[in-house]
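Read off the chains here:
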Amino acid sequence: MPIWLQAGLWGLAAGGALVVGALVAWMVEVPQRIVASVMAFGAGVLISALAFDLVDEAETKGGLTATVLGFLVGAVAYLLANLVLAKRGARHRKRSGEQQPSEQEQSGSGSAIAIGALLDGIPESVVLGLSLLGGNGIGIPVLAAIFISNLPEGLSSAAGMKHNGRSARYVFGVWVGVAVASGAAGLLGCLLLQGAPNGLVAAITALAAGAILTMVADTMIPEAFERTHLYAGLIATLGFLTAFTIGRAG
């Protein structure tokens, strides 16, 4: 099977965790403290993958300058896009309570939330696809981190959508669409950068990593802290150690 097709399928599988999380939230009334705890765990997992896999690998392949520049560009680009979406009603798209506005409260917020979900998922899938370019198969620590973090993301955000009157068609349309787009992002990231210079691959990997870290700080940690308070740090630490152990054991 071509590497680019593998990247697409892995991206689709990782994005499918969002759909699973949304399905759980729709079928079961999960207590918000549990949702937030899982979100804190997922945040720790992603931070570990960023530190020990993505950024480290980017610096090894492309050097410090390309990594630093790519990381900063990714963070700023995500921030700017998120500012635009926040003004249109997507600021609380990962919150499990009633923070998300309904369409009646803010017209167009449904579309903004959907685009925001897409914005959050694409960088993760791109780096998943890029992890295949080394020829050593899928990066298991990165895949595990994305899958583990996507479950609470889908769970929390779908719970918030449900609380604010979004229909099942909207909720699952968003998450299935994001899962398909994640597969496409992984496929394209791998296909377009096959044979590219190490510096370019490193810069794109770092760019995606910067966007992911900004996303974690802006959308995942606030939900985790609001419901779990002082326990959020410990739970995130457990997530960090889990991802670190998976990476080292592999």
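This is a predicted model, so every value here is computed, not measured. (Residues numbered from 1 in each chain as written. Predicted model: local features only at pLDDT ≥ 70, side-chain atom pairs only at ≥ 80, totals over all residues. Heavy atoms only, no water.)

Observations regarding the nonpolar core
Leu 46, Leu 54, Val 127, Ile 212, Met 215, Val 216 and Met 220 are the most contacted members of the largest nonpolar core, which has 26 residues in total. Breaking this core down by element, the ones donating at least two residues are α2 (32–62), α4 (109–130), α5 (140–163), α7 (198–228) and α8 (231–249). Residue contacts for Ile 212: discarding those within four places in its chain leaves Leu 46, Leu 50, Leu 54, Pro 123, Glu 124 and Val 127. (Core = buried A, V, L, I, M, F, W, Y, C linked by side-chain atoms within 4.5 Å. Buried < 20%, exposed > 50% of the residue type's maximum accessible area, 1.4 Å probe, protein only. Helix = DSSP H or I, 4+ residues; strand = E, 2+ residues; numbered from the N terminus. Contact = heavy atoms within 4.5 Å.)

Section: the side chain of Thr 205
Of note, Thr 205 is situated in helix α7. We classify Thr 205 as buried; its relative accessible area is 9%. The contacts of Thr 205, once residues within four sequence positions are left out, are Leu 54, Ala 58, Val 127 and Leu 130.

Structural notes on a nonpolar patch on the surface
On the surface, Met 1, Trp 4, Leu 5, Leu 9, Leu 12, Val 176, Val 180, Leu 188, Leu 191 and Leu 192 cluster together into a nonpolar patch covering about 910 Å² of accessible area. By residue number, the principal contributor to the nonpolar patch is helix α6 (residues 168–193), which donates five residues. (Patch = residues over 30% accessible without salt bridge, like charges linked within 9 Å, V, L, I, M, F, W, Y side chains within 5 Å. Areas by Shrake-Rupley, 256 points an atom, 1.4 Å probe, with all protein chains shown as cover. Salt bridge = Lys/Arg side-chain N within 4 Å of Asp/Glu carboxyl O.)

Notes on the pattern of salt bridges
What the rule picks out here adds up to one salt bridge. Among the ionic pairs, Lys 61 bridges to Glu 57, the shortest N-O distance being 3.0 Å. Placement of the pair is Lys 61 and Glu 57 together in helix α2, with a separation of four residues, close to one helical turn. A relative accessible area of 32% places Glu 57 in the partly exposed class.

Observations concerning the packing of α2 against α8
Contact geometry for α2 and α8: axes closest at 7 Å, N-to-C directions at 45°. Our classification of the angle between α2 and α8 gives oblique. The chirality of how α2 crosses α8 is right-handed. Where α2 abuts α8, its residues Ser 37, Ala 40, Phe 41, Gly 44, Val 45, Ile 47, Ser 48 and Phe 52 lie against Ala 232, Ile 235, Ala 236, Leu 238, Gly 239, Phe 240, Thr 242, Ala 243, Phe 244 and Arg 248. Considering only residue class, the contact of α2 with α8 consists of 12 nonpolar, five polar and one charged. (Axes fitted to C-alpha atoms, helices over the stretch in contact; angles between N-to-C directions. Parallel < 35°, antiparallel > 145°, perpendicular 65-115°, else oblique. Left-handed = near helix turned anticlockwise from the far one by under 90°. Nonpolar A, V, L, I, M, F, W, Y, C, P; charged D, E, K, R; others polar.)

Describing α7
Taking 1.5 Å of rise per residue, 31 residues should cover 45 Å, and α7 covers 42 Å from first to last C-alpha, within 8% of that figure. Of all bends in α7, the biggest is about 40°, found at Ile 221, and the proline Pro 222 comes one to four residues later. (Expected span 1.5 Å × (residues − 1). Bend = angle between axes of the 7 residues up to and from the residue.)

Remarks on the UniProt feature "transmembrane region" (unreviewed entry) in the chain
Here the UniProt-annotated "transmembrane region" (unreviewed entry) positions come out as residues 6–27, 34–52, 64–85, 126–148, 168–193, 200–217 and 229–247. Taken as a whole, residues 200–217 contains 100% helix and 0% strand, while its terminal C-alpha atoms sit 26 Å from one another. Structurally, residues 229–247 is divided into 89% helix and 0% strand, and its ends, taken at the C-alpha atoms, are 28 Å apart. (UniProt positions renumbered as here; feature names shortened; annotations may be inferred.)

What to know about α6
Under the 1.5 Å per step criterion, the end-to-end length of α6 is 37 Å for 26 residues, consistent within 8% with the ideal 38 Å. Downstream of α6 by one or two residues, Gly 195 has phi in the positive range, about 80°.

Examining the packing of aromatic side chains
In the structure shown here, the tally under the stated rule is three aromatic pairs. Aromatic side chains Trp 26 and Phe 172 sit 6.0 Å apart centroid to centroid with 70° between the ring planes, which places their arrangement in the edge-to-face category. On the criterion of sequence distance, the pair formed by Trp 26 in helix α1 (residues 3–27) and Phe 172 in helix α6 is long-range, its members being 146 residues apart. Grouping aromatic residues by their ring pairs yields a cluster made of Phe 52, Phe 240 and Phe 244. Geometry around Trp 26 places Lys 162 over its ring, the cationic atom sitting 5.5 Å from the centre. (Phe/Tyr/Trp six-rings, centres within 6.5 Å; stacked < 30°, edge-to-face > 60°. Lys NZ or Arg CZ within 6 Å of the ring centre and 35° of its normal.)

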